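Results of the structural survey
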Amino acid sequence: MRGGTVAVVGGSVAGCALASAAARAGADEVVVLERTQGRLADRGLGLCIHDGRAAELAATGALPAGIAAHPLTRRRWIVRDDAAAGPAGRVFWEQPFPFHSYHWGLLWRGLREAMPASVVYRQGAAVTGVADTGAGAEVRTAGGRAEPYDLVIGADGYRSVVREAVCPGSRPVYAGYVCWRGNLDARRLEGLGNEGVPSDAVSTVCFPGGSCVIYPIPGPDGPRVNWVLYATPPNSGRLPFADPTSFPPGRVTEELTEHLGTLLDREFPPHWARVLALTEPADTYVQPIYDLEAARTTARRLLLAGDAATVVRPHNTSGVAKALQDASAFEEAWRGAGTWSELLDAYRAARGPAGREMVALARRLGRGQVEQTPDWATMNHREVESWWQQLLDGAADIGGQAMRP
Ligand SMILES: Cc1cc2nc3c(=O)[nH]c(=O)nc-3n(C[C@H](O)[C@H](O)[C@H](O)COP(=O)(O)OP(=O)(O)OC[C@H]3O[C@@H](n4cnc5c(N)ncnc54)[C@H](O)[C@@H]3O)c2cc1C
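Owing to the predicted nature of the structure, the values given are computational and were not obtained by experimental measurement.

1. Regarding the site of the ligand
- Near the ligand lie 31 residues; those nearest to it are Ser12, Glu34, Cys48, Asp307 and Val320.
- Here Thr36 contributes a side-chain N or O atom positioned 3.3 Å from an oxygen atom of the ligand.
- Protein chains bury 89% of the 1000 Å² of accessible surface belonging to the ligand in isolation.
- Contributions of two or more residues to the shell around the ligand are made by helix H1 (13–25), strand S2 (29–34), strand S3 (46–50), strand S11 (173–185) and helix H7 (319–336).
- Broken down by element, the shell around the ligand gets its largest block of residues, three residues, from H7.
- Taken together, the residues of the shell around the ligand sort by class into 16 nonpolar, nine polar and six charged.

See below:
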């Protein structure tokens, strides 16, 4: 199939990748509608992609070459152990971790620059709703304008307006805990002593009721350190998290900031508490954790991709890989289709089961690492291995599924 007009709502990771896929597959016109006015590249957080997924995505063209990535090989699991260990705590387990870490802004810029020149990227274009028109779909923007397209792709994240049209009422469900996230210039570690932050490892600090991953990432001005700490916030039941939300820098409440300090003092080996405390308030975020599997990923001429279709708890380290896989599957479905409905059917068949399995795995990982943590400090290697295998429950690994197992 060739030709046609496509609107992509949302111009983040999934949006850029899907727009490129549509243009490469042969759409006449591809328009990305992104509500943000400012510089998206400044959203500077870390993320990881599994090496196996990255190789597949590079081969399909969904992950462009040349994006800065930092190699990681192992994951260390650490507990505070005041009696037996030094300030950096005790490493009670180590496992292979074949991933590369990325800086969100640099990844986004790489995807944006790799877009075919024919793609129109409109910033400050907030979409208020989409509707099926029988022969296509219509996008309504904040100014009240209605724009007709042959296909509308919802790449508008966890609070998707396109999802509301595809499967009304399907919303993210609060998992009962949050993550504090931050990143800092690696030069700030100078003089800290101990081991700093190992450059080839994810270090996971474990404590009753939570855990925190800390790892190096590339950055626009040199190496940075990224961390994500998961725990239940105080008064969790009373917090207004039923409506999907997040707390960007400057909007993190005093109570949440204080609780982070309490966790660092009470649960962290002193070295790791000092590393996190080097983070500027302007680089600290709080994000409630949600689960979502949209009941459907397509409806008539509407299609969902990335977090609009599936919100996977970050423990699975798979969100970006999954969004880029959605783009690869979409391009393949387009190339094999003779009609719009064949394209939508093929995409749905390819991506539906993968999303459901990832959500289920990430729920198990969240239970084991936050909601029902084991007594890590007393476990031997065999017990930790067996705990991890129970969480995987037959899955090959975290990081998302291979497209061609
Ligand atoms: C703490 C945390 C850690 C993570 N770590 C990893 C990791 O290590 N590895 C990994 O692969 N993934 C990770 N992820 C997940 C990953 O960030 C996402 O899954 C991935 O970025 C896909 O995002 P997306 O493009 O679908 O949505 P988003 O990035 O949410 O983008 C949606 C876009 O749509 C725009 N938009 C929204 N509504 C509208 C509208 N109405 N009109 C116009 N535009 C709109 C928004 O401004 C935004 O730009 C993590 C997530 C979290 C929360």
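2. Here's the deal with the sheet that holds strand S8 (residues 137–141)
- If you trace the three strands from one edge of the open sheet to the other, you get S7-S8-S9, paired in antiparallel fashion. For this open sheet the edge positions go to strand S7 (127–132) and strand S9 (146–149), each flanked by a neighbour on one side alone. The mean angle between the axes of side-by-side strands here comes to 25°, regardless of whether they run parallel or antiparallel.

3. Digging into the domain arrangement of the protein chain
- By the assigned domains, the protein chain splits into domain 1 (5–44 + 106–172 + 291–371) and domain 2 (70–103 + 174–289).
- If you average the C-alpha positions of domain 1 and of domain 2, the two centres end up 29 Å apart.
- Listed as interface residues are 17 residues of domain 1 and, on the opposing side, 23 residues of domain 2.
- Buried area between domain 1 and domain 2, summed over both chains or domains, comes out near 1800 Å², and the portion from carbon and sulfur atoms is 53%.
- The tally of links between domain 1 and domain 2 comes to zero salt bridges.
- Where domain 1 touches domain 2, the interface holds six residue pairs in polar contact (both at pLDDT 80 or more).
- Ranked by the residues each element gives to the side of domain 1 that touches domain 2, the list is headed by helix H8 (residues 340–371), at four residues.
- Here the side of domain 1 that touches domain 2 is composed, by residue class, of seven nonpolar, five polar and five charged.

4. As for the side chain of Ser328
- With respect to the helices and strands, the residue Ser328 is situated in helix H7.
- A distance of 2.8 Å separates a polar atom in the side chain of Ser328 from a polar atom in the side chain of Thr60.
- Residues in contact with Ser328, not counting those within four places in the same chain, are Leu57, Thr60, Ala62 and Met403.

5. Here we look at the pairing of strand S12 (residues 201–207)
- Burial analysis of S12 places seven of its seven residues in the buried class, the great majority of the element.
- Burial along S12 is two-sided: the face carrying Ala201, Ser203, Val205 and Phe207 and the face carrying Val202, Thr204 and Cys206 are both buried.
- Bridging between strand S4 (residues 70–79) and S12 involves six bridges; their strand directions are parallel. Within S12, the position partnered with Arg74 by the bridge is Ala201.
- Pairing geometry for S12 and strand S13 (residues 210–217), over five bridges, is antiparallel. Within the sheet, the bridge partner assigned to Phe207 lies in S13 and is Gly210.

6. Describing the packing of aromatic side chains
- Using the criterion set out here, one finds 15 aromatic pairs in the structure.
- Their ring planes at 90° and their centres at 5.7 Å tell us that Trp77 and Trp387 sit as a pair that is edge-to-face. You can see Trp77 sitting in strand S4 and its partner Trp387 sitting in helix H9 (residues 381–392), a full 310 residues away along the chain.
- Given the relative accessible area of 0%, Trp77 is considered buried.
- Chaining the aromatic ring pairs together yields one cluster made of Trp77, Trp93, Trp376, Trp387 and Trp388.
- Looking at Arg112, its charged tip hangs above the ring of Tyr121, at a distance of 4.1 Å from the centre.

Criteria and cut-off values
- Each chain carries its own residue numbering, running from 1 in the direction its sequence is written.
- Since the coordinates come from a predicted model, pLDDT governs what is reported: local features require at least 70, and pairs of side-chain atoms require 80 or more to be given and counted, while whole-chain, interface and lining totals use all residues.
- In computing side-chain properties, one takes all heavy atoms of the structure into account and sets aside hydrogens as well as water.
- Any residue with a heavy atom lying within 4 Å of a molecule or strand is counted as near it.
- Here a polar contact is recorded for every N or O atom pair within 3.5 Å, except that within protein the pair must consist of a potential hydrogen donor and a potential acceptor, and residues adjacent in sequence are included only if both atoms are side-chain atoms.
- For accessible areas, the Shrake-Rupley method is used with a probe of radius 1.4 Å. Any residue's cover is judged against the shown protein chains and nothing else.
- Strands here are runs of E lasting at least two residues and helices are runs of H or I lasting at least four, both read from the DSSP assignment and numbered beginning at the N terminus.
- Note on residue classes: Ala, Val, Leu, Ile, Met, Phe, Trp, Tyr, Cys and Pro are nonpolar, Asp, Glu, Lys and Arg are charged, and everything else, Gly too, is polar.
- Two strands are said to pair when DSSP picks up at least two bridges between them.
- For helices, the axis comes from a line fit to the C-alpha atoms of the stretch in contact; other axes are also lines fit to C-alpha atoms, and the angle between any two N-to-C directions lies between 0 and 180 degrees.
- An automatic or database domain assignment supplies the start and end points of every domain.
- The contact definition used throughout considers only heavy atoms, calling two residues in contact when any of these lie within 4.5 Å.
- Once two parts are joined, some of their accessible surface, as seen by a 1.4 Å probe, is lost; buried area is that loss totalled over both.
- The working definition used for a salt bridge is a side-chain nitrogen of Lys or Arg within 4 Å of a carboxyl oxygen of Asp or Glu.
- Throughout, exposure labels follow a simple rule: accessible area from a 1.4 Å probe, protein chains only, divided by the maximum for the residue type, with under 20% read as buried, over 50% as exposed, and the rest as partly exposed.
- The pairing test for Phe, Tyr and Trp rings, Trp by its six-membered ring, is centres within 6.5 Å, and the orientation test on the planes gives stacked under 30 degrees, edge-to-face over 60, and tilted for anything in between.
- Look at NZ for Lys and CZ for Arg. If either is within 6 Å of the ring centre and within 35 degrees of the ring normal, a charge sits over the ring.

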